[in-house]
Amino acid sequence: MTVSEKYLELGLIGLGRTGETKGWFSGHYGAAMLAVYYMDREFDLPEHVQAGLVRNCESYLERFPDLFKPFAAEEADRRLLDKVVDALRANAERLSHSGHGLAFGFLGLKAFLDRPDMITPSIVDGFAEGLMYATKANPDRYWGIPNYFEFDPQEIEAIPEYRTLEDMAERALAECARIYPGKKLNGKMYHFTGEVEHGLTHGQALMEFERLGYGELTELSLPNHRIQMRLNRQIAPEVMHTEVKEPAFSQITSPKMWEKVYNDPHALKVPYAALYLIDKLPEEKRAEAERNVCKILSQMK
């Protein structure tokens, strides 16, 4: 079984429709389609995983038909890609929304490079608009930090400076060792697990920008990823007892993971990012890293 190329096309359409939603969150669904397509192309997945990926994509098509409605035919123009890169640069300049703009943005850029025939005005404009929404964030996202925009990477001794992108990948995966479920505290929801998983998706984006020839985006956001790793450690004392010690499964390809249909599009995006980053680790570190990621995946709904 092979995941159809239609999910690449639908993924770009979904990203193009993001601007119509006047926000950035809906970009997750188009990005999930693209993650499914590339995960299948880049990894030797068991058939039950491929079936699970397709099942979940089809559920998004049923739930959000307007998000994946094709655009009217337009002439493609590769020069329009500059607008996407500009929007990605705006996201790279400052950590915002856990790096979401980059985490789903790199997938769109990657897909455009594979399908330049889809670099059309409507898709590009909607995608770029959605990316710009992702640059606008509240400063109190992290527990105990009034304004995370004031964090300076020079002041974050707890997170060693990255010498290489592989250092960054290893750090992002190491931070998965201690996972705490999200919780509402004093009327505000804190996504303790979600923040850690976005260290993975953000990290994958930075490695892919470099590979795709957009290293300036990697260079811009690399200090932000380090800030993110420090901020992700902001855990309220009252949730410490809820730490996830044992995942429901220990391998990303476990049938237990792929027998479900998920509401959360991160259930498709995070496995792709995790497999991508784990592949960059020394062989002897991979099993433990994968088990730790499964502490995150076990919570997907």
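About the cut-offs
- Every chain is numbered independently, its residues counted from 1 as its sequence is written.
- Only residues with pLDDT of at least 70 get local features here, since the model is predicted, and only at 80 or more are side-chain atom pairs given and counted; chain-wide, interface and lining totals rely on the full set of residues.
- The side-chain quantities take in all heavy atoms of the structure and omit both hydrogens and water.
- A helix here means a DSSP run of H or I that spans at least four residues, while a strand means a run of E at least two residues long, and both kinds are numbered starting from the N terminus.
- In this setup the radius of gyration rests on C-alpha atoms only. A globule is expected at 2.2 Å times the number of residues raised to 0.38.
- Note on exposure labels: buried denotes an accessible area under 20% of the residue type's maximum, exposed denotes more than 50%, and partly exposed covers the range between, all computed with a 1.4 Å probe on protein chains only.
- In what follows, residue pairs with any heavy atoms lying within 4.5 Å of each other are defined as contacts.
- Values of accessible area rely on a 1.4 Å probe in the Shrake-Rupley scheme; residue burial ignores everything except the protein chains shown.
- In this tally, Lys and Arg are treated as positive and Asp and Glu as negative; His is ignored, and so are the chain termini.
- Positions of charges follow a simple convention, taking NZ of Lys, CZ of Arg, CG of Asp or CD of Glu.
- A helix is expected to reach a length of 1.5 Å times the quantity of its residues less one.
- A cavity, in this analysis, means grid points on a 1 Å lattice covering only the protein atoms where a 1.4 Å probe fits yet has no way out; a pocket is instead an open set bounded by protein on both sides within 12 Å along at least five of seven lines, and a residue lines either one if it has an atom within 4 Å of a point.
- Grid points are joined across faces, edges and corners, and a volume is the space filled by probe spheres set on the points.
- Gly is placed with the polar residues, together with every amino acid not listed as nonpolar (Ala, Val, Leu, Ile, Met, Phe, Trp, Tyr, Cys and Pro) or charged (Asp, Glu, Lys and Arg).
- To obtain each axis, a line is fitted to C-alpha atoms, and for helices this fit is confined to the stretch in contact; angles are then taken between N-to-C directions over 0 to 180 degrees.
- In these notes the angle categories are as follows: under 35 degrees is roughly parallel, over 145 is roughly antiparallel, 65 to 115 is roughly perpendicular, and the rest is oblique.
- In a left-handed crossing the near helix is turned counterclockwise from the far helix by less than a right angle, and in a right-handed crossing that turn is clockwise.
- Planes of paired rings set the category: under 30 degrees apart is stacked, over 60 is edge-to-face and the rest tilted, where pairs are Phe, Tyr or Trp rings (Trp by its six-membered ring) whose centres lie within 6.5 Å.
- Working rule: Lys NZ or Arg CZ, within 6 Å of ring centre, within 35 degrees of ring normal, means a charge sits over the ring.

**A word on the overall build of the chain**
For the chain, the helix and strand inventory stands at 12 helices and two strands. Ordered by position in the sequence, the α and β elements of the chain form the string α-α-α-α-α-α-α-β-β-α-α-α-α-α. For 301 residues, the compact-globule estimate of 2.2 N^0.38 gives 19 Å, and the C-alpha radius of gyration of the chain, at 18 Å, lies within 12% of that figure. Referenced to the eigenvectors of the C-alpha coordinate spread, the extents of the chain come out at roughly 55 × 40 × 40 Å. Looking at the chain as a whole, 56% of its 301 residues qualify as buried. The contacts of the chain with a sequence gap of at least 6 include a subset with a gap of at least 24, amounting to 81%. Surface exposure of the chain reaches about 12900 Å², of which carbon and sulfur atoms provide 49%. Counting 36 positive and 46 negative side-chain charges, the chain places the centres of these two groups 5 Å from one another.

**Side note on helix H11 (residues 266–278)**
With 13 residues, H11 should cover 18 Å at 1.5 Å per step; its first-to-last C-alpha distance of 17 Å lies within 8% of that length. Burial analysis of H11 places 13 of its 13 residues in the buried class, the great majority of the element.

**Some thoughts on empty space enclosed by the protein**
Throughout the structure, instances matching the rule amount to two cavities of 30 Å³ or more. Estimates place the volume of the largest cavity at around 50 Å³. As for the largest cavity, its lining consists of Arg 141, Tyr 142, Trp 143, Tyr 190, His 191, Phe 192, Glu 195, Leu 231, Asn 232 and Gln 234. Residue composition of the lining of the largest cavity, by class: five nonpolar, three polar and two charged. By volume, the second largest cavity amounts to about 40 Å³. Lining the second largest cavity are Ala 35, Ala 103, Phe 106, Leu 107, Thr 201, Gln 204, Lys 269, Tyr 272 and Ala 273.

**Brief notes about the packing of helix H2 (residues 27–42) against helix H3 (residues 47–63)**
Where H2 contacts H3, the axes come no closer than 10 Å and their chain directions differ by 160 degrees. Here H2 is positioned roughly antiparallel relative to H3, judged by the angle of their axes. Where H2 crosses over H3, the handedness of that crossing is left-handed. When H2 is examined against H3, the residues Tyr 29, Ala 32, Met 33, Val 36, Met 39 and Asp 40 are found in contact with a partner set consisting of Val 49, Gln 50, Leu 53, Cys 57, Tyr 60, Leu 61 and Arg 63. Among the residues making up the contact of H2 with H3, the classes are represented as 10 nonpolar, one polar and two charged.

**As for the environment of Gly 105**
Within the fold, Gly 105 resides in helix H5 (residues 100–114). In sequence terms Gly 105 and Phe 127 are 22 residues apart; their C-alpha atoms lie 8.4 Å from each other.

**Quick look at helix H1 (residues 6–17)**
End to end, H1 covers 16 Å across 12 residues, agreeing with the expected 16 Å (1.5 Å per residue, within 8%). Counting buried residues in H1 gives 10 out of 12 residues, a clear majority hidden from the surface. Among the residues of H1, those classed as buried are Tyr 7, Leu 8, Leu 10, Gly 11, Leu 12, Ile 13, Gly 14, Leu 15, Gly 16 and Arg 17. Tucked inside the fold, the buried residues of H1 contact H2, H3, H5 and helix H6 (121–133).

**As for the packing of H2 against H11**
Where H2 contacts H11, the axes come no closer than 8 Å and their chain directions differ by 40 degrees. With respect to H11, the element H2 is oriented oblique. Between H2 and H11 lies a crossing of left-handed hand. The residues of H11 that touch H2, namely those facing His 28, Ala 31, Ala 32, Ala 35, Val 36, Tyr 38, Met 39 and Glu 42, are His 266, Leu 268, Lys 269, Pro 271, Tyr 272, Leu 275 and Tyr 276.

**Some thoughts on the packing of aromatic side chains**
Applying the stated criterion to the full structure yields 10 aromatic pairs. Relative to Phe 127, the ring of Phe 112 lies with its centre 6.1 Å away and its plane at 50 degrees, an arrangement referred to as tilted. Here Phe 112 is found in helix H5, whereas its partner Phe 127 is found in helix H6, with 15 residues between them in sequence. Given a relative accessible area of 0%, Phe 112 falls into the buried group. Note on Phe 127: relative accessible area 1%, which makes it buried. Between Tyr 148 and Phe 149, the ring centres sit 4.5 Å apart and the planes meet at 45 degrees, which makes this aromatic pair tilted. On the accessibility criterion, Tyr 148 (2% relative accessible area) is buried. Positioned above the aromatic ring of Tyr 190, the side-chain terminus of Lys 188 is 5.6 Å from the ring centre.

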